[in-house]
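Residue strings, one per chain:
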Amino acid sequence: DGGITQSPKYLFRKEGQNVTLSCEQNLNHDAMYWYRQDPGQGLRLIYYSQIVNDFQKGDIAEGYSVSREKKESFPLTVTSAQKNPTAFYLCASVGVGLSEAFFGQGTRLTVV
Amino acid sequence: AQKITQTQPGMFVQEKEAVTLDCTYDTSDQSYGLFWYKQPSSGEMIFLIYQGSYDEQNATEGRYSLNFQKARKSANLVISASQLGDSAMYFCAMRTGMDTGRRALTFGSGTRLQVQP
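Note that this is a predicted model, so its numbers are computed, not measured.

A.B. asks: Would you mind going over the overall build of chain A with me for this structure?
C.D. replies: A count of helices and strands for chain A gives 0 helices and 11 strands. Secondary structure elements of chain A, listed N to C terminal, follow the sequence β-β-β-β-β-β-β-β-β-β-β. Its C-alpha radius of gyration of 13 Å places chain A within 12% of the 13 Å reference for a compact globule of 112 residues. Looking at chain A as a whole, 49% of its 112 residues qualify as buried. Across chain A, the fraction of contacts at a sequence separation of at least 24, relative to all contacts at a separation of at least 6, is 52%. Across chain A, the mean location of the 11 positive side-chain charges is 8 Å away from that of the 11 negative side-chain charges.

A.B. asks: Sorry if this is basic, but what is going on with the overall build of chain B here?
C.D. replies: Across its full length, chain B holds 0 helices and 12 strands. The order of helices and strands in chain B, counted from the N terminus, is β-β-β-β-β-β-β-β-β-β-β-β. The C-alpha radius of gyration computed for chain B amounts to 14 Å, which stays within 12% of the reference 13 Å derived for 117 residues, consistent with globular compactness. Taken over the C-alpha atoms alone, chain B extends approximately 45 × 30 × 20 Å along its principal axes. Evaluated residue by residue, chain B yields a buried proportion of 50% over its 117 residues. A fraction of 55% describes how many contacts in chain B between residues 6 or more apart in sequence connect residues 24 or more apart. Surface exposure of chain B reaches about 5600 Å², of which carbon and sulfur atoms provide 47%. If you average the places of the 11 positive and of the 11 negative side-chain charges in chain B, the two averages end up 5 Å apart.

A.B. asks: Would you mind going over the environment of A:Tyr35 with me for this structure?
C.D. replies: Take A:Tyr35: it is sitting in strand S4 (residues 31-37). In this structure A:Tyr35 comes out as buried when scored by relative accessible area, which is 2%. Along the sequence, A:Tyr35 and A:Phe88 sit 53 residues apart, while their C-alpha atoms lie 8.4 Å from each other. Those residues in contact with A:Tyr35 that lie beyond four places of it in its chain are A:Leu43, A:Arg44, A:Leu45, A:Ile46, A:Phe88, A:Tyr89, A:Leu90, A:Ala92, A:Phe103, B:Leu105 and B:Phe107. Within the structure, A:Tyr35 has its side chain in polar contact with the backbone oxygen of B:Leu105 (distance 2.7 Å).

A.B. asks: Looking at this model, I keep getting lost on the state of the cysteines. Mind explaining?
C.D. replies: In protein chemistry, a disulfide is the covalent bond that joins the sulfur atoms of two cysteines. Residue and element names in this part refer to chain A. The full count for this structure, using the stated rule, is 2 disulfides over all chains. Paired through a disulfide, Cys 23 and Cys 91 show a sulfur-sulfur distance of 1.9 Å. What sets the handedness of the Cys 23 and Cys 91 disulfide is the S-S torsion sign, and at about -75° it is left-handed. With Cys 23 in strand S3 (residues 19-25) and Cys 91 in strand S9 (residues 87-94), this residue pair connects regions lying 68 residues apart in the sequence. We note that Cys 23, like Cys 91, is buried.

A.B. asks: What's the story with the sheet that holds strand S8 (residues 76-78) of chain A in this structure? I'm lost.
C.D. replies: Through backbone hydrogen bonds, the strands of a sheet pair up, either in parallel or in antiparallel fashion. All names here are of chain A. One open sheet holds the 4 strands; their spatial order is S1-S3-S8-S7, and the pairing between them is antiparallel. The two strands at the open ends of the sheet, each matched to only one other strand, are strand S1 (4-7) and strand S7 (64-66). For this sheet, the mean angle separating the axes of adjacent strands, direction not counted, is 20°. In terms of strand pairing, S7 meets S8 through 3 bridges, oriented antiparallel. Across the sheet, the residue bridging to Val 66 is Leu 76, located in S8.

A.B. asks: Would you explain the pairing of S4(A) in this entry?
C.D. replies: Remark: a regular strand shows side chains that alternate across the two faces of the sheet. Residues and elements named next belong to chain A. Of all 7 residues in S4, 7 are buried, a share of seventy percent or more. Burial along S4 is two-sided: Ala 31, Tyr 33, Tyr 35 and Gln 37 and Met 32, Trp 34 and Arg 36, pointing in opposite directions, are all buried. Relative to S9, S4 is paired through 7 bridges, and the arrangement is antiparallel. Looking at S9, one finds that Tyr 35 is bridged to Leu 90. Pairing of S4 with strand S5 (residues 43-51), which is carried by 6 bridges, proceeds in the antiparallel orientation. Bridge assignment links Met 32 to a residue of S5, and that residue is Ser 49.

Procedures and definitions
- Residues numbered from 1 in each chain as written.
- Chains lettered and ligands numbered in written order.
- Predicted model: local features only at pLDDT ≥ 70, side-chain atom pairs only at ≥ 80, totals over all residues.
- Heavy atoms only, no water.
- Helix = DSSP H or I, 4+ residues; strand = E, 2+ residues; numbered from the N terminus.
- Rg over C-alpha atoms; globule rule 2.2 N^0.38 Å.
- Buried < 20%, exposed > 50% of the residue type's maximum accessible area, 1.4 Å probe, protein only.
- Contact = heavy atoms within 4.5 Å.
- Lys, Arg positive; Asp, Glu negative; His and termini not counted.
- Charge placed at Lys NZ, Arg CZ, Asp CG, Glu CD.
- Areas by Shrake-Rupley, 256 points an atom, 1.4 Å probe, with all protein chains shown as cover.
- Polar contact = N/O pair within 3.5 Å; in protein donor to acceptor, adjacent residues only side chain to side chain.
- Disulfide = S-S within 2.5 Å.
- Pairing = 2+ DSSP bridges.
- Axes fitted to C-alpha atoms, helices over the stretch in contact; angles between N-to-C directions.

Here you go:
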């Protein structure tokens with residue numbers, strides 16, 4: 001079955017550490033997105049990529065980095081520069097057709 | 001710029017009644033898609049319904065229908081016969097970029113729906 005897989009589901013980070021969140025899709029979608037969601041809030045765009053080897057900053061990119069070396073994969077690294085990383089992170093991919101927009105299950109990151 | 005506005009931070013509805021969640025949008029694209037997602041406390045985003053900008057009929061999926069008024073740029077979600085399990089956060093989203101190739105997915109701030117027995 002085609003879909004998006006995010007891992008891990010839960011992640012704990014010590015202060016000062018970098019952590020990487022995985023997002024993989026087998027839908028053959030070109031565009032992929034990372035969003036951050038704080039409790040009770042909406043989704044804020046961190047980074048997005050329209051094509052392999054290209055990505056753009058979203059509204060809250062500071063303290064985050066991404067790569068897009070393969071069409072299927074769009075990992076997000078939360079660096080030590082992100083001062084308040086505790087949040088729920090969602091990855092999405094968008095296909096060619098207007099109705100093709102899918103989400104992963106999300107990763108809940110907690111700083112300990 | 002693309003924008004989605006959801007003006008109802010929270011809504012209450014009695015079980016078995018219908019409820020309408022509001023969504024207005026702004027885009028200069030001619031081709032776009034509108035989505036509604038449900039987000040329960042587990043966090044996953046559950047796709048509910050989709051409406052394309054060129055679709056003449058309002059979309060329906062079971063108890064969900066989308067009241068699409070293109071001239072007013074509104075895409076309200078109607079849930080009929082509310083159930084306790086409908087209590088969740090609901091997001092309206094818009095897909096644009098079909099004309100430019102720069103595909104964007106823009107979200108509203110969400111509406112928290114609580115269904116009361």
